[in-house]
Amino acid sequence: MTRYLALRIGQAALVLWVAFTASYVLLQILPGDSILIKFQNPELGLSPAQIAEIRAYYGSDAPAIIGYLHTMLGFLRGGFGYSIDTGTPVVERLAEALPETAKLATAGFTLAVLIAVLIAFAASYSRLAWIRGALLAVPSLFVSVPTFWLGILLIQVFSFRLKLVPVIGGGEVQQLILPVLTLAIPISAPIAQVLARSLDQVYTQPFVSVVAAKGASRWWILWRHVARNALLPTLTIAGLTFGELIAGSVITETVFGRNGIGRLTEQAVNAQDTPVMLAVVVLATTVFVLVNLAVDLLFPVLDPRLKAKVGATA
């Protein structure tokens, strides 16, 4: 087990390093100089010497390898540098934006799982072919809907037409309803598809026929025997789709005007604020890697066969 844990942690660290390096290189080769774009404005009244001092402070004049190592060491120490746009520490900007995105992502992911479970279980339990076919077609519809279009549609229907949820104002829960729906619906699609397919595969196993022959009800078989064995593939896709929450939050927070990581990313891109953009990429990658690492470590716990295999290789 120790060897398995060390291997997974090593893989996670490698992914983080590759993501940081790739992001740093891509941001460095972007056309234009973000420092000059920000501070060479004549209205600021800065002299060339002052601009040069600012460039030296941000390390823009240092060789690429020196800047890379300095930035990486800073990230390892938890220091993400200073925002070019506002001059404030990047950590402070992330700390201000992260709680809103965390609430949206947690609620959106929870709702996505609930929607996926309801669709998959209803399709698996149904005895009518046309109902089952209709339910299995729902995820394909969900995954094909653009996030920005869905958000605008929900605003138009539930806010402007039905006047059920206010776009501006209202309580904290009311402000989360439409963004959470916008984020959850596309994410629920792949989870529902994999879960439904896994349930169908488990139903074909011989032990299901044995349990049914003993007189167990269809619901009991589905809930106590089939669902448990179909859980592992679903956990895998759930961990992978968790990474889509960051991309989805950028669009969702922009559509609904929420001040989270998505809005911060939009502002950083518009201002070419490379320290903030790099920090957001590393933060998103870290969350994604940690979630999938947790899923990998859960596998041996949930599946005795994997537990025995891990124990044998430890």
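From a predicted model like this one, the values you see are computed outputs, not experimental measurements. (Residues numbered from 1 in each chain as written. Predicted model: local features only at pLDDT ≥ 70, side-chain atom pairs only at ≥ 80, totals over all residues. Heavy atoms only, no water.)

**Student:** When you look at the overall build of the chain in this model, what are you seeing that I'm missing?
**Tutor:** If you tally the helices and strands in the chain, you get 15 helices and 0 strands. Residue burial in the chain is summarised as follows: out of 314 residues, 38% are buried. Within the chain, contacts between residues at least 6 apart in sequence are counted, and of these 73% link residues at least 24 apart. Total accessible area computed for the chain in this model is approximately 17600 Å², and 68% of it derives from carbon and sulfur atoms. (Helix = DSSP H or I, 4+ residues; strand = E, 2+ residues; numbered from the N terminus. Buried < 20%, exposed > 50% of the residue type's maximum accessible area, 1.4 Å probe, protein only. Contact = heavy atoms within 4.5 Å. Areas by Shrake-Rupley, 256 points an atom, 1.4 Å probe, with all protein chains shown as cover.)

**Student:** Please explain the environment of T106 as it appears in this structure.
**Tutor:** Of note, T106 is situated in helix α5 (residues 90-125). T106 sits in the exposed class, given a relative accessible area of 51%. T106 sits 74 residues away from V180 along the chain, and the two C-alpha atoms are 9.0 Å apart. A distance of 2.7 Å separates a polar atom in the side chain of T106 from the backbone oxygen of A102. (Polar contact = N/O pair within 3.5 Å; in protein donor to acceptor, adjacent residues only side chain to side chain.)

**Student:** In this structure, what is going on with the UniProt feature "transmembrane region" (unreviewed entry) in the chain? I would like to understand it.
**Tutor:** In the numbering adopted here, UniProt assigns the feature "transmembrane region" (unreviewed entry) to residues 12-30, 104-123, 129-155, 235-256 and 276-299. Within residues 104-123, the helical portion is 100% and the strand portion 0%, while the C-alpha atoms at the span's ends are 28 Å from each other. In the segment residues 129-155, helix accounts for 89% and strand for 0%; the C-alpha atoms at its two ends are 34 Å apart. (UniProt positions renumbered as here; feature names shortened; annotations may be inferred.)

**Student:** How do you make sense of the packing of aromatic side chains when you look at a structure like this?
**Tutor:** The geometry of an aromatic ring pair comes down to the distance between the two centres and the angle between the two planes. All chains considered together, the criterion is met by 5 aromatic pairs. Note on F20 and Y68: the rings are 5.6 Å apart at their centroids and 40 degrees apart in plane angle, and the pair reads as tilted. In this pair, F20 sits in helix α1 (residues 2-28) while Y68 sits in helix α4 (residues 64-76), placing the two residues 48 residues apart along the sequence. You can call F20 buried: its relative accessible area is 5%. Centre to centre, the rings of Y24 and Y68 are 5.6 Å apart; their planes meet at 65 degrees, and the pair counts as edge-to-face. Of this pair, Y24 sits in helix α1 while Y68 sits in helix α4; the two residues are 44 residues apart in sequence, bridging distant segments of the chain. Each residue in the set F20, Y24, Y68, F75 and F80 is aromatic and connected to the rest through ring pairs, giving one cluster. (Phe/Tyr/Trp six-rings, centres within 6.5 Å; stacked < 30°, edge-to-face > 60°.)

**Student:** Sorry if this is basic, but what is going on with the packing of α5 against helix α6 (residues 129-143) here?
**Tutor:** The packing of two helices is summarised by the inter-axis angle and the distance between the axes. Between α5 and α6, whose axes approach to 8 Å, the crossing angle comes to 155 degrees. It follows from the interaxial angle that α5 and α6 lie roughly antiparallel. Relative to α6, α5 is oriented so that their crossing is left-handed. Contact with α5, carried on its side by I115, I119, A122, A123 and S124, involves R132, L135, L136, V138, P139 and F142 of α6 and no other residues of that element. (Axes fitted to C-alpha atoms, helices over the stretch in contact; angles between N-to-C directions. Parallel < 35°, antiparallel > 145°, perpendicular 65-115°, else oblique. Left-handed = near helix turned anticlockwise from the far one by under 90°.)

**Student:** Please clarify how the packing of helix α8 (residues 172-203) against helix α11 (residues 231-242) should be interpreted in this entry.
**Tutor:** As a packed pair, α8 and α11 sit with axes 9 Å apart at the nearest point and diverge in direction by 165 degrees. With respect to each other, α8 and α11 are oriented roughly antiparallel. In the packing of α8 onto α11, the handedness of the crossing is right-handed. Packed against α8, whose contacting residues are I187, P190, I191, V194, L195 and S198, the element α11 presents P233, T234, I237, A238 and T241 at the interface. Here the residues of the contact of α8 with α11 sort into 8 nonpolar, 3 polar and no charged. (Nonpolar A, V, L, I, M, F, W, Y, C, P; charged D, E, K, R; others polar.)

**Student:** Could you clarify how one ought to interpret α11 in this entry?
**Tutor:** Helical periodicity: at 3.6 residues per turn, an α-helix aligns residues three or four positions apart in one direction. End to end, α11 covers 16 Å across 12 residues, agreeing with the expected 16 Å (1.5 Å per residue, within 8%). Within the sequence span of α11, burial applies to L232, T234, L235, I237, A238, G239, T241 and F242. (Expected span 1.5 Å × (residues − 1).)

**Student:** When you look at the pattern of salt bridges in this model, what are you seeing that I'm missing?
**Tutor:** Between side chains of opposite charge, a pair can form as their charged atoms come close. Scanning all chains against the criterion turns up 6 salt bridges. Across the pair R258 and E100 runs a salt bridge, and its minimum N-O distance is 2.7 Å. Residue R258 is found in the loop between α12 (244-256) and α13 (261-271), and its partner E100 is found in helix α5; the two are separated by 158 residues along the sequence. Judged by its relative accessible area of 9%, R258 is buried. Given a relative accessible area of 26%, E100 falls into the partly exposed group. (Salt bridge = Lys/Arg side-chain N within 4 Å of Asp/Glu carboxyl O.)

**Student:** Please explain α8 as it appears in this structure.
**Tutor:** In this model α8 runs 43 Å from its N-terminal to its C-terminal C-alpha over 32 residues, within 8% of the 46 Å that 1.5 Å per residue would give. Along its length, α8 reaches its greatest deviation from straightness, about 30 degrees, at S188, and the proline P190 lies no more than four positions downstream. (Bend = angle between axes of the 7 residues up to and from the residue.)

**Student:** When you look at the nonpolar core in this model, what are you seeing that I'm missing?
**Tutor:** Inside soluble globular proteins, nonpolar side chains tend to come together where they are buried. Counting 29 residues, the largest nonpolar core has F142, L178, I187, I191 and L245 as its most contacted members. At the level of secondary structure, the elements contributing two or more residues to this core comprise α5, α7 (147-161), α8, α11 and α12. In terms of residue count, α8 provides more of this core than any other element does, 11 residues in total. With residues near it in sequence (within four places) discarded, I187 still touches A112, T241, E244 and L245. Judged by nonpolar contacts, the second largest core, of 18 residues, contains F20, L27, M72 and L278. (Core = buried A, V, L, I, M, F, W, Y, C linked by side-chain atoms within 4.5 Å.)

**Student:** Where do I start with unusual backbone geometry in this structure?
**Tutor:** A negative phi angle is the norm for most residues apart from glycine, just as the trans form is the norm for most peptide bonds. Positive phi values are uncommon outside glycine, yet K163 reaches one of about 55 degrees. Within the secondary structure, K163 sits in the loop between α7 and α8.

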